[in-house]
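# Overview (structure and organization)
Now for the letters of each chain:
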Amino acid sequence: MGFLDKLKSFFFISPGTTDPVYTIQVRCRRCGEVIESRLQLQNDLSLQEDGTYIVHKTLMGNQRCFERLEVTLTFDKNRHLIDRTVTRGEFIEPPTTEETHQNG
Ligand SMILES: [Zn+2]
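Cut-offs and rules
- Residues numbered from 1 in each chain as written.
- Predicted model: local features only at pLDDT ≥ 70, side-chain atom pairs only at ≥ 80, totals over all residues.
- Heavy atoms only, no water.
- Helix = DSSP H or I, 4+ residues; strand = E, 2+ residues; numbered from the N terminus.
- Contact = heavy atoms within 4.5 Å.
- Areas by Shrake-Rupley, 256 points an atom, 1.4 Å probe, with all protein chains shown as cover.
- Pairing = 2+ DSSP bridges.
- Donors = N, O, S within 2.8 Å, 3.2 Å for Na, K, Ca; no water.

## So, the overall build of the chain
Scanning the chain for helices and strands turns up one helix and seven strands. Each helix (α) and strand (β) of the chain, taken in turn from the N terminus, gives the series α-β-β-β-β-β-β-β. For the chain, the proportion of contacts with a sequence separation of at least 24, taken over those separated by at least 6, is 39%. With an accessible surface of roughly 7,700 Å², the chain has 47% of that area assigned to carbon and sulfur atoms.

Put into structure tokens, the structure is as follows:
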């Protein structure tokens, strides 16, 4: 299996980094594999005529399933994500680390 191990290997953005990185995590609908990819927000964004940025990525897993997941991300002029689509898969939201634990 090893599926849960992959789920644990989340990537965390260091607050001190100078190059903003956006991590994509998608799950293949066909085999369930989680595929990760990182975008360099400084380099990978393509400016469009309307002032927004777009990124297109084709992701493939390492397993025998050779499904290609076509990811398209749209960012506004401040490089904030405003839209995202993925074919043949689904986005995975990284788990929040800000869990609150109540005593009692
Ligand atoms: Zn797959």
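## A closer look at the pairing of strand E6 (residues 81-86)
Here is the key point about a regular strand: its side chains alternate between the two faces of the sheet. Where strand E5 (residues 68-75) meets E6, five bridges bridge the pair, whose relative direction is antiparallel. Each residue of the ladder has a partner; that of valine 71, found in E6, is valine 86. Joining the antiparallel neighbours E5 and E6 is a turn of five residues, in which arginine 79 adopts a positive phi near 60 degrees.

## As for the coordination of the zinc ion
Surrounding the zinc ion are the protein donor atoms Cys28 (SG), Cys31 (SG) and Cys65 (SG), at 2.2 to 2.3 Å. Ordering the donors of the zinc ion by residue number gives the pattern C-x2-C-x33-C.

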